[in-house]
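Descriptive analysis of the structure
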Amino acid sequence: MSAGGGALAGRRIAVAGAGGGLGPTVVRALADAGAWVAAADRTDAHLDVVRDVAGDARAADLVTAEGARAWADALGEVDGLLHLVGGWRGGDDLEDMDLADLDLLEKLLFHSVVHTTRAFAPLLKAAGDRGRFALVSSSVVAKPTAGNAAYAATKAAAEAWTLTLASELAPTQGTANVVVVTAIVTPQMREESPQKAYKTFTDVGEIADALVYLSSSAARKMNGQRLHLHAA
Ligand SMILES: NC(=O)c1ccc[n+]([C@@H]2O[C@H](COP(=O)([O-])OP(=O)(O)OC[C@H]3O[C@@H](n4cnc5c(N)ncnc54)[C@H](OP(=O)(O)O)[C@@H]3O)[C@@H](O)[C@H]2O)c1
């Protein structure tokens, strides 16, 4: 699936939620492939880990329309938007769950997709066949498990929204796709628990490689797809 070195030369890629568990590896992989990367996260402090490689790093509240629009307006031209904003709540059966957790996950996992895509869609359409969107989603959407109702339902909404965008980008030959994982493991997690096998986890580097590929010309024919990067 490698897109090769320099595959993203000349591309401007925005990364939403760039300072989280996955973001820093993705930002570095995009920059290594030649992209100019714009990073956004909740606070400036979140962005310290990517400031050395990002062409632009700014705090933005991406669960609001205003926050997402201000970020898009500040960047001007953009070829790709990678959505990495995350969060998890759950554990209780649905009759016992705190509905505040559903509200929170709606904001983090769905509204952030709604607002960022609405703000960036005109830019992605203007980018023509370079226009890209990608969402990182979860295998619980296809196989929801007990205690995960709010998480699975809000990720399902985000996937449906992404596939709608795929259809809307098709006339300008842009693409929108979903990368599906079960759980993500970082090098720091492996260092902290070297005895753990992390069998069901996907390495941040593998996800970053997939996102570089999806952002490149090599993936121009891949639109509206789910890439499963997890064990069956
Ligand atoms: N981690 C997993 O095992 C896993 C499994 C399946 C799918 N995914 C998905 O993969 C993606 C990346 O995962 P991740 O673990 O890197 O996510 P994450 O660390 O939970 O979130 C990414 C970043 O988004 C930030 N964020 C939260 N609210 C925001 C807001 N209002 N505006 C802007 N940024 C905001 C987070 O800040 P805070 O940390 O301060 O909230 C964090 O820095 C997510 O979409 C996640 O749902 C993750």
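Reading guide: rules and limits
Residues numbered from 1 in each chain as written. Predicted model: local features only at pLDDT ≥ 70, side-chain atom pairs only at ≥ 80, totals over all residues. Helix = DSSP H or I, 4+ residues; strand = E, 2+ residues; numbered from the N terminus. Buried ≥ 20, exposed ≤ 12 C-beta atoms within 10 Å, placed from the backbone. Near = placed C-beta within 6 Å. Nonpolar A, V, L, I, M, F, W, Y, C, P; charged D, E, K, R; others polar. Pairing = 2+ DSSP bridges. Axes fitted to C-alpha atoms, helices over the stretch in contact; angles between N-to-C directions.

**A word on the overall build of the protein chain**
Along its length, the protein chain carries 6 helices and 9 strands. Counting only C-alpha atoms and orienting by the principal axes, one finds that the protein chain spans roughly 50 × 40 × 35 Å. Put simply, the protein chain has 232 residues, and 46% of those count as buried.

**With respect to the environment of leucine 99**
Relative to the helices and strands, leucine 99 resides in helix H3 (residues 99-126). You can call leucine 99 exposed: it has 8 C-beta atoms within 10 Å. Sequence separation between leucine 99 and alanine 150 is 51 residues, and the spatial gap between their C-alpha atoms is 8.8 Å.

**Re unusual backbone geometry**
Look at glutamine 173: it is not a glycine, yet its phi comes out positive at around 65 degrees. Tracing the backbone shows glutamine 173 in the loop between helix H4 (149-169) and strand E6 (175-181). Phi at tyrosine 198 is positive, roughly 50 degrees, even though this residue is not glycine. With respect to the secondary-structure elements, tyrosine 198 resides in the loop between helix H5 (187-192) and strand E8 (201-203).

**Structural notes on the site of the ligand**
As a structural note, the neighbourhood of the ligand is formed by 24 residues, with Gly17, Gly20, Gly21, Leu22 and Gly86 the closest of them. Counting only elements with at least two residues in the shell around the ligand, the list comes to H3, strand E5 (132-138) and strand E7 (183-185). In terms of residue class, the shell around the ligand is made up of 12 nonpolar, 9 polar and 3 charged.

**Thoughts on the sheet that holds strand E1 (residues 12-16)**
Read across the sheet, 7 strands follow the order E3-E2-E1-E4-E5-E6-E9 without closing on themselves; strand pairing throughout is parallel. Since the sheet does not close on itself, it has two edges, and those belong to strand E3 (56-59) and strand E9 (226-228), each with one partner. With strand direction ignored, the average angle separating the axes of adjacent strands in the sheet is 20 degrees. In the sheet, E1 pairs with strand E4 (residues 80-83) via 4 bridges, with the strands oriented parallel. Residue pairing across strands places alanine 16 opposite histidine 83, the latter belonging to E4.

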